[in-house]
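# Working through the structure, step by step
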Amino acid sequence: METTQQAEPAGGQQGSSEHRRRELLEAADRVVLRDGPGASMNAIAAEAGITKPILYRHFGDKAGLYQALAVRHTDALLDSLRAALDAPAERRRRVEATLDTYLAAIEARPQVYRFLMHPAEDPHTAERGFDVGLHSAPLLRRLGEELAEVIAERVDLGPGGERLARVWGHGIVGMMHAAGDWWLGERPCERAELVSDLVDLLWGRLATAGNRPDGPGF
């Protein structure tokens, strides 16, 4: 049975449901921080003080819970990336800050990153039918599209600029993800060194492209 109910927050039944959902996501976060990709629905239900059927009622299955956690963490990451892009600094410093923001996020919460991007390493703890790759690919596409929008509205790429902005957006996200995944696993260098090396790789045409006259600048 579910533990003692808390007082319903203002906003009626819908507000109460959303409040409860946030509480369950916070409980799931605590388990993911502890167990990483091995986080199970049983452990999350126990952390929240409820039975697993009640957890299913809110999220359906582990894939539904994963999707809710992914949105929660992706939204927070995108807010941080936008803040880095909008910081008052010259262009290269902002590119460095943006890459560093992503790498700092996965470094600070590696278990959350592994839960979102990697299957459980122990097959005995993995719940059947849960394919991390099926759900992580849309997260990377979302990051790519968001970055493409930022580039398109700020940088004058000339004819075909919108298409090129999408190429760059998805390419940069793919580079960040692949390089960050390798770096997090092997730690071959300091984070600042990796950031500098990746910006060197990117810098080519981005260094010489002008700002769009009708955009916020980059």
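Now for a quick tour of the structure.

### Remarks on the overall build of the protein chain
- Scanning the protein chain for helices and strands turns up 9 helices and 2 strands.
- Helices (α) and strands (β) of the protein chain occur, in sequence order from the N terminus, as α-α-α-α-α-α-α-β-α-α-β.
- In the protein chain, which comprises 218 residues, the proportion classed as buried is 41%.
- Of the contacts formed within the protein chain by residues at least 6 apart in sequence, a portion of 68% connects residues at least 24 apart.
- Within the structure as shown, the protein chain displays about 11,800 Å² of accessible surface, and the carbon and sulfur contribution to it stands at 52%.

### Let's talk about the packing of helix H4 (residues 62–85) against helix H5 (residues 91–108)
- The N-to-C vectors of H4 and H5 enclose an angle of 155°; their axes lie 8 Å apart at closest approach. Here H4 is positioned roughly antiparallel relative to H5, judged by the angle of their axes. In terms of crossing hand, the pair formed by H4 and H5 is right-handed. Facing H4, whose interface residues are Leu-77, Ser-80, Leu-81, Ala-84 and Leu-85, H5 presents Arg-94, Ala-97, Thr-98, Thr-101, Tyr-102 and Ala-105.
- Its residues assigned to classes, the contact of H4 with H5 comprises 7 nonpolar, 3 polar and 1 charged.

### Focus: the side chain of Ser-40
- On the secondary structure map, Ser-40 appears in the loop between helix H1 (12–35) and helix H2 (41–48).
- A polar contact of 3.1 Å, which involves the side chain of Ser-40, links it to the backbone nitrogen of Ala-43.

### Overview of unusual backbone geometry
- Backbone geometry at Arg-187 places phi at a positive 45°, although glycine is not the residue there.
- Of note, Arg-187 is situated in the loop between helix H8 (161–186) and helix H9 (191–208).

### Overview of the pattern of salt bridges
- Considering all chains together, one arrives at 16 salt bridges under this definition.
- Arg-72 is paired through a salt bridge with Asp-29; the nearest N and O atoms lie 3.0 Å apart. On the criterion of sequence distance, the pair formed by Arg-72 in helix H4 and Asp-29 in helix H1 is long-range, its members being 43 residues apart.
- Across the pair Arg-191 and Asp-100 runs a salt bridge, and its minimum N-O distance is 2.7 Å. Here Arg-191, found in helix H9, pairs with Asp-100, found in helix H5; they are 91 residues apart in sequence, far enough to count as distant.

### Digging into the nonpolar core
- Ranked by internal contacts, the top residues of the largest apolar core, which has 60 residues, are Leu-55, Leu-65, Leu-99, Tyr-102, Ile-151 and Leu-157.
- Counting residues per element, this core draws most heavily on H8, at 10 residues.
- When near neighbours in sequence (up to four residues on either side) are disregarded, Leu-157 contacts Ile-151, Leu-164, Ala-165, Trp-168, Arg-205 and Ala-209.

### Topic: the packing of aromatic side chains
- Summed over the entire model, instances satisfying the criterion amount to 1 aromatic pair.
- Ring centres of Tyr-66 and Phe-115 lie 5.8 Å apart, and the angle between their planes is 40°; on these two criteria the pair is classed as tilted. Of the two residues, Tyr-66 sits in helix H4 while Phe-115 sits in helix H6 (residues 110–117), which places them 49 residues apart along the sequence. Summarising the burial analysis for this pair, Tyr-66 and Phe-115 share the class buried.
- Sitting over the face of the ring of Trp-203, Arg-92 holds its NZ or CZ atom 5.6 Å from the ring centroid.
- Between Arg-187 and the ring centre of Trp-183, over which it is positioned, the NZ or CZ distance is 4.6 Å.

### Quick look at H2
- Of all the positions in H2, only Met-41, Ala-43, Ile-44, Ala-45 and Ala-48 are classed as buried.
- Just past H2, the residue Gly-49 takes up positive phi, approximately 75°.

### With respect to the environment of Leu-201
- Checked against the element boundaries, Leu-201 lands in helix H9.
- On a C-alpha basis, the gap between Leu-201 and Met-175 in space is 10.0 Å, while along the polypeptide they are 26 residues apart.

### Quick look at the environment of Arg-82
- Along the polypeptide, Arg-82 turns up in helix H4.
- With 68 residues separating them along the chain, Arg-82 and Val-150 place their C-alpha atoms 8.5 Å apart.

Each value, and the rule that gives it
Residues numbered from 1 in each chain as written. Predicted model: local features only at pLDDT ≥ 70, side-chain atom pairs only at ≥ 80, totals over all residues. Heavy atoms only, no water. Helix = DSSP H or I, 4+ residues; strand = E, 2+ residues; numbered from the N terminus. Buried < 20%, exposed > 50% of the residue type's maximum accessible area, 1.4 Å probe, protein only. Contact = heavy atoms within 4.5 Å. Areas by Shrake-Rupley, 256 points an atom, 1.4 Å probe, with all protein chains shown as cover. Axes fitted to C-alpha atoms, helices over the stretch in contact; angles between N-to-C directions. Parallel < 35°, antiparallel > 145°, perpendicular 65-115°, else oblique. Left-handed = near helix turned anticlockwise from the far one by under 90°. Nonpolar A, V, L, I, M, F, W, Y, C, P; charged D, E, K, R; others polar. Polar contact = N/O pair within 3.5 Å; in protein donor to acceptor, adjacent residues only side chain to side chain. Salt bridge = Lys/Arg side-chain N within 4 Å of Asp/Glu carboxyl O. Core = buried A, V, L, I, M, F, W, Y, C linked by side-chain atoms within 4.5 Å. Phe/Tyr/Trp six-rings, centres within 6.5 Å; stacked < 30°, edge-to-face > 60°. Lys NZ or Arg CZ within 6 Å of the ring centre and 35° of its normal.

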